[in-house]
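Observations on the three-dimensional arrangement
Here are the chains, one letter per residue:
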Amino acid sequence: IISIFTSRPLIKVITGISSEITRMSDGDLSVSFALPKINEQDELGVLVRSVQNLAKSLIDIISDIKQRSDILYDSSVKLSDISESNLRSVDGISSAIDDVAKGAEEQATDITTTLHKMQELTDKLPLTDFLPVLKLYSKYLSTPAFYVML
């Protein structure tokens, strides 16, 4: 009978500890061991303090993880913004390169057209029209002064 009376407070303490540990395992880390008459120096007191320290450590770890997660999220948002900005820049550069290429192609087409028209014009002009001019300047062609004039 005496053991029943002496073990009853002990069972109450162990049941309370077990209940708080179950709450912790369910994710509630706000455990408070409001247990009756615990001697902090005995094994149960040490166990209660250890569970309280565990809860505090878990809260600190979770807080640190959340803080680092927030930092990581902010960094990923910034990285995403930078990536989008780079993509817009690359699109702009690509568009500018396309414009330059189109302009160069148009210039090449214009030069080709001009050369064809010059060839047509040359084909239409008889060479005999230039003979008097060539005769006039032929005397200069054989002198060193002509090359100086060029």
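Residues numbered from 1 in each chain as written. Predicted model: local features only at pLDDT ≥ 70, side-chain atom pairs only at ≥ 80, totals over all residues. Heavy atoms only, no water.

What to know about a nonpolar patch on the surface
Counted only if it meets this: Grouping into patches uses exposed residues only, defined as over 30% relative accessible area, and leaves out salt-bridged ones; the cut-off is 9 Å for like charges and 5 Å for nonpolar side chains (Val, Leu, Ile, Met, Phe, Trp, Tyr). Each accessible area value is a Shrake-Rupley result obtained with a 1.4 Å probe; residue values ignore everything except the protein chains displayed when judging cover. Within this document, salt bridges are pairs made up of a side-chain nitrogen of Lys or Arg and a carboxyl oxygen of Asp or Glu, the two lying within 4 Å of each other. Helix numbers and strand numbers start at the N terminus; a helix is a DSSP run of H or I with at least 4 residues, a strand a run of E with at least 2. The cut-offs for exposure are 20% and 50% of the maximum accessible area for each residue type, with area from a 1.4 Å probe on protein chains only; residues under the lower value are buried, those over the upper are exposed, and the others partly exposed.
A cluster of nonpolar side chains, L54, L58, I61, I62 and I65, forms an exposed patch at the surface whose accessible area comes to about 440 Å². Structurally, L58 can be placed in helix α2 (residues 43-124). You can call L58 partly exposed: its relative accessible area is 30%.

So, the pattern of salt bridges
Using the criterion set out here, one finds five salt bridges in the structure. A salt bridge links E20 to R23; the nearest nitrogen and oxygen atoms lie 2.9 Å apart. Within this pair, E20 and its partner R23 are both found in helix α1 (residues 2-25), separated by three residues, close to a single helical turn. D64 serves as the salt-bridge partner of R68, at 3.0 Å between the closest nitrogen and oxygen. Here R68 pairs with D64, and both are found in helix α2, just four residues apart, close to one helical turn. Each of E20, R23 and D28 takes part in salt bridges that share partners, so that together they form one network.

Looking at the environment of I14
On the secondary structure map, I14 appears in helix α1. With 34 residues separating them along the chain, I14 and V48 place their C-alpha atoms 9.5 Å apart.

Observations concerning the nonpolar core
To keep it simple, the criterion reads: Throughout this description, the term nonpolar core refers to a set of buried Ala, Val, Leu, Ile, Met, Phe, Trp, Tyr and Cys residues connected via side-chain atoms within 4.5 Å. We call two residues in contact whenever any of their non-hydrogen atoms come within 4.5 Å of each other.
Among the nonpolar cores identified, the biggest contains five residues, and these are M24, L29, V31, V51 and A55. With sequence-adjacent residues up to four places away left out, M24 is seen in contact with L29, V31, V51, L54, A55 and L58.

Regarding α2
Our working definition: The span you would expect from a helix comes to 1.5 Å times its residue count less one.
Compared with the 122 Å implied by 1.5 Å per residue over 82 residues, the 119 Å span of α2 between its first and last C-alpha is a close match. Of the positions making up α2, those classed as buried are L44, G45, V48, V51 and A55.

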